[in-house]
Amino acid sequence: MDKEKISTITSSLTALYNEKQQASPITDVVHDADFLAKFGYLGVANYFVKSALQGKNLYNTLVSSLSKELTYAASLPSNMRTVTAKKFAEKKSEATLHYYQGLLDELREAGIALFKVVDESFPCPKNPDKKFILRMVVPEACPECSGKLSLNLVSQTHTKCEQLTAKIHCVRCMNHYQISFCLPEMA
Ligand SMILES: [Zn+2]
């Protein structure tokens, strides 16, 4: 390719990771495609493959990252930059949320794991007057003692993103864990 095109493409791609750099239509298309690939039936299949490669079983996968998947799936259409991607995103968002809800229902019916999905309204870090919905997935009770679990949410500015940390602890025993993920840009 000629040098000018190479330069346009490389600066478009750099803009994905650097807010100060001017985004181009190429940046927006790659941004949307990157998100769309992670959702819908194919996205969910790849999500489980990736978790398995990281050595996580089903329960650990759901505990550690389903909150992020559901939060991003629910906000997918509003996170899109192009009109075409928004159309795909609506379909993929619905399919993804439907799939995970069905999975949680089946785990419950089979007595394997009891999770609840809690929608938490959270102030947008960049604009605290606006609220953003986090879809958190937490065990219904402490796996150790069946005590009640309490959920505490904080966000802080990280090098790459606004990072949310959810601290979950049992009110009865010492059992606790925390999960962290980057909030969607629209937050
Ligand atoms: Zn406990």
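To be clear, the structure that these remarks concern was listed above.
Definitions and limits used
Residues numbered from 1 in each chain as written. Predicted model: local features only at pLDDT ≥ 70, side-chain atom pairs only at ≥ 80, totals over all residues. Heavy atoms only, no water. Donors = N, O, S within 2.8 Å, 3.2 Å for Na, K, Ca; no water. Tetrahedral: all angles 85-135°; square planar, octahedral: opposite > 155°, others 65-115°. Helix = DSSP H or I, 4+ residues; strand = E, 2+ residues; numbered from the N terminus. Contact = heavy atoms within 4.5 Å. Polar contact = N/O pair within 3.5 Å; in protein donor to acceptor, adjacent residues only side chain to side chain. Disulfide = S-S within 2.5 Å. Buried < 20%, exposed > 50% of the residue type's maximum accessible area, 1.4 Å probe, protein only.

Chemist: Account for the coordination of the zinc ion, with residues named and values stated.
Modeler: Each protein donor to the zinc ion is listed here as Cys142 (SG), Cys145 (SG), Cys170 (SG) and Cys173 (SG); together their distances run 2.2 to 2.3 Å. Around the zinc ion, the 4 donor atoms sit at angles spanning 98 to 114°, and that spread fits a shape best called tetrahedral.

Chemist: Give a description of the environment of Arg81 that names residues and reports values.
Modeler: Mapped onto the elements, Arg81 comes out in the loop between helix 4 (58-75) and helix 5 (83-109). Residues Arg81 and Ala110, spaced 29 residues apart in sequence, show a C-alpha to C-alpha distance of 40 Å. Leave out the neighbours within four places in its chain, and Arg81 touches Ala23, Thr27, Asp28, His31, Asp32 and Glu185. A polar contact is formed between the side chain of Arg81 and the side chain of Asp28, at a distance of 3.1 Å.

Chemist: Hey, could you go over the state of the cysteines for me, with residue numbers and the actual values?
Modeler: A covalent bond bridging the sulfur atoms of two cysteines is what the word disulfide describes. Tallied over the full model, the rule gives 1 disulfide. What pairs with Cys161 in a disulfide is Cys182, and their sulfur atoms sit 2.0 Å apart. Taking the torsion about the S-S bond as the criterion, the Cys161 to Cys182 disulfide, at about -70°, is left-handed. Residue Cys161 is located in the loop between strand 3 (149-157) and strand 4 (162-170), and its partner Cys182 is located in strand 5 (residues 176-182); the two are separated by 21 residues in the primary sequence. For Cys161, a relative accessible area of 16% puts it in the buried group. When its relative accessible area of 23% is taken as the criterion, Cys182 is described as partly exposed. Of the cysteine sulfurs around Cys124, a residue in no disulfide, the closest is that of Cys161, at 14 Å.

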